[in-house]
Amino acid sequence: MKFKFATLLTAATVFYSYQSLAQSQQSPDVWSVVEQKLQNAVPLNENTTFKSQAAWFELHRELFMYGPMSRADALLKKLDTQSNDAKFSLNREASWIAENNSPDAAMVFLSKIGLDKPSSITAYESYVDGWVNRKQPEKALALLSKNPDARNFYLATFLESWHSEPDKTAAIYNENYADKIVVPYTQLKMLVIIAKQYHAKGDTAKALVYADSALKMFDTAIAQQPSAEAYRYQEYLDLMEIYYATGNKEKAMALSARLRKATGNKGNYFQYSLPGLLSFYKKNELTQNYQETLSTYVTQVDKIFNFAPSPRIEMELIDLLSKLDDVALMNKRIDLLMSAPEYTCYDDRYCYEYKIKALKNLFQHKQNAVAEKHIATLSAEAQTLTFAEWEDATNEMGEVLEEIGHPEAAQTLAVSAEAIYISQAKAWPDEDMSRSFQRLAELYGYGNDTVNAKRVLHQHVPSLEEEAMIDHYMNAKQWSQARELMINADRVDNKNLMLLHQICAENTPECQEHITFTLKKLTTQASITRQDDTGNQQLYQIGNIFHRLGITPGAEQQALIQALYNKAAEPKKATP
């Protein structure tokens, strides 16, 4: 799907001038239309700086990604690519292309602006991740070899991609570092990766060799930068797992003690490491360690509860118990969160967010009856709030219920909520309730109850019915129904971009019909001769679809594109 790229730094690549178009192309395409609009709105001879050429760079990106490369190259030569603003932004634009799983195209783009590698260290991540995701790690390694700092920073990501070939991973590490200590904590991560790979493959001897090397590197890193030790809690957990599984239990337990000392009994790294540490104890049936560690944490939470009750901290404990599959204790803490007077929600909407989030844990562990009991409790408690606060809490509850796959509970919630909406409207007859009834319709939508959603809108806010039902159908991924309403409304806007993307997942008659509808509607827009972002995005989306699905415009579509082109080419009218 195409999104708006405000003043975009968008990089891409393609284009040609109006004159060359007239000579080289008989039938214009969607990019030709945008070019003509820009010729009128922001002529290049009057807009020579990178910032003033933002719309042209967006056109260039679209051509680069989805159009003829020759036109992208021709346009790029006319744009500002050499100023500091341009170089900084275009480097970021190339990273965007790489992030979208096109690192090869990003490298081509860099070459177009005179670079053979990214110009900032942080930009390398997009390329490495892109090639790793495409299962082309060799290309990532070749790029990292051009910058030692980037290699030190991102080589670990690359090494993880060789998870089934630890010999190759080890060889690459040794080629780059051997016995040298350059970036201790980063090398620690790499050595742990290699040890884990050998362990997963069943090569215990080599797993232990690299685990020992990692532990030695860990000690070196801590000596140089002790403040960063807790940050490496995951390396502790990984080494503990390897040592315990290979019979080195004493070494594993010594590391667990080091980890607990490093993270302490509170703070972020304590919270981050606790699920892994407790899972390690539980998996290896270290019951006493498990109970002592968990009990220490629960006691902490209880002390906070007695001094300054915090639903957020209680929820952190509930999430931890959910991850550990400790359902009995999780249910007990959720009961406390829901029923304790100290946790009553008054005017803190975040309080309800935590309580509603707890419902997810219950449904996840198939504690449906318990969850339904708490829904009733929450609904009753929320009615003690102001109407606006109740409305927020109720709608959030419905959204969560839909999200976790229980729309029937959201529908039940909507039915009971409707009586409160009606009562509010009667009590305050002069108050504008249009937004509130729209939210009631949304609540029915969370329950997949289209009939009642439509009824509420039609009965209470008929002026918003069409707009709200388009949203309803799109949220429900009922694209054909949403399309029908869009056509009835005779409108093309940002919602149409998503609709085009979804309907044209494949080249179907419905897809072709909607492309034709969109082009036809664009011919009626007065802004066609100006810089028209909404119209441009529609044309870019259609160009993307043509490219992605290999579609050649039909006769009617081509005629509409020609009409748009002709209209865009008309001289700009003078302002009266």
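Residues numbered from 1 in each chain as written. Predicted model: local features only at pLDDT ≥ 70, side-chain atom pairs only at ≥ 80, totals over all residues. Heavy atoms only, no water.

1. Quick notes on the confidence of the model for the protein
- Confidence in the prediction of the protein, expressed as mean pLDDT, is 89, and 93% of residues score 70 or more.
- In the model of the protein, helix α1 (residues 18-24) stands out as the element of lowest mean pLDDT, 39, in contrast to helix α13 (residues 233-245), which has the highest, 98.
- Across residues 1-25 the pLDDT falls below 50, and counting only partners more than four positions away or on other chains, this stretch makes 92 contacts in the model. (pLDDT = per-residue confidence, 0-100. Helix = DSSP H or I, 4+ residues; strand = E, 2+ residues; numbered from the N terminus. Contact = heavy atoms within 4.5 Å.)

2. A look at empty space enclosed by the protein
- With the rule as written, the count across this model stands at one cavity of 30 Å³ or more.
- Per-element accounting of the lining of the largest cavity gives the leading share, four residues, to helix α15 (residues 268-283).
- Classifying every residue of the lining of the largest cavity by side-chain character gives four nonpolar, six polar and one charged. (1 Å grid on protein atoms, 1.4 Å probe; cavity = no way out; pocket = protein on both sides within 12 Å on 5 of 7 lines; lining within 4 Å. Points joined across faces, edges and corners; volume = space filled by probe spheres on them. Nonpolar A, V, L, I, M, F, W, Y, C, P; charged D, E, K, R; others polar.)

3. Some details on the state of the cysteines
- Considering all chains together, one arrives at two disulfides under this definition.
- Shown here is the disulfide that connects Cys-345 with Cys-351, its sulfur atoms set 1.9 Å apart. Judged by the sign of its S-S torsion, about -70°, the bond between Cys-345 and Cys-351 is left-handed. The pair formed by Cys-345 and Cys-351 is uniform in burial state, with each residue classed as buried.
- Shown here is the disulfide that connects Cys-504 with Cys-511, its sulfur atoms set 2.1 Å apart. Here Cys-504 and Cys-511 share a disulfide; its torsion about the S-S bond, 105°, makes the bridge right-handed. For the pair shown, Cys-504 and Cys-511 are each scored as buried.
- Looking at the protein, its bonded cysteines, counted consecutively from the start of the sequence, adopt the pairing 1-2, 3-4. (Disulfide = S-S within 2.5 Å. Buried < 20%, exposed > 50% of the residue type's maximum accessible area, 1.4 Å probe, protein only.)

4. Some remarks on helix α20 (residues 368-382)
- For α20, built from 15 residues, the straight-helix expectation of 21 Å at 1.5 Å per residue is met to within 8% by its first-to-last C-alpha distance of 21 Å.
- Of all the residues in α20, the buried ones are Ala-371, His-374, Ile-375, Leu-378, Ser-379, Glu-381 and Ala-382. Take α20 and look down its axis: the buried residues cluster within an arc of 160°, on one side only. (Expected span 1.5 Å × (residues − 1). Arc of directions from axis to C-beta.)

5. A look at the pattern of salt bridges
- The final tally for this structure, using the stated rule, is 32 salt bridges.
- Residue Arg-61 is joined to Glu-62 by a salt bridge in which the shortest nitrogen-to-oxygen separation is 2.5 Å.
- Judged by its relative accessible area of 0%, Glu-62 is buried.
- Ionic contacts of the salt-bridge type, sharing partners, join the residues Glu-467, Asp-471, Arg-491, Asp-493 and Lys-495 into one network. (Salt bridge = Lys/Arg side-chain N within 4 Å of Asp/Glu carboxyl O.)

6. Side note on the environment of Tyr-354
- Structurally, Tyr-354 is set in helix α19 (residues 349-364).
- Tyr-354 sits in the partly exposed class, given a relative accessible area of 23%.
- For the pair formed by Tyr-354 and Pro-311, sequence separation is 43 residues and the distance between their alpha carbons is 6.5 Å.
- In contact with Tyr-354, not counting residues within four places along its chain, are Pro-311, Arg-312, Met-315 and Leu-337.

7. What about the packing of helix α3 (residues 54-66) against helix α29 (residues 533-549)?
- With their axes 10 Å apart at the nearest point, α3 and α29 run at an angle of 10° to one another. Between α3 and α29, the interaxial angle falls into the category roughly parallel. For the pair formed by α3 and α29, the contact residues are Ala-55, Glu-58, Leu-59, Glu-62, Met-65 and Tyr-66 on the first element and Asp-533, Gln-537, Tyr-540, Gly-543, Asn-544 and His-547 on the second.
- Looking at side-chain class alone, the contact of α3 with α29 contains five nonpolar, four polar and three charged residues. (Axes fitted to C-alpha atoms, helices over the stretch in contact; angles between N-to-C directions. Parallel < 35°, antiparallel > 145°, perpendicular 65-115°, else oblique.)

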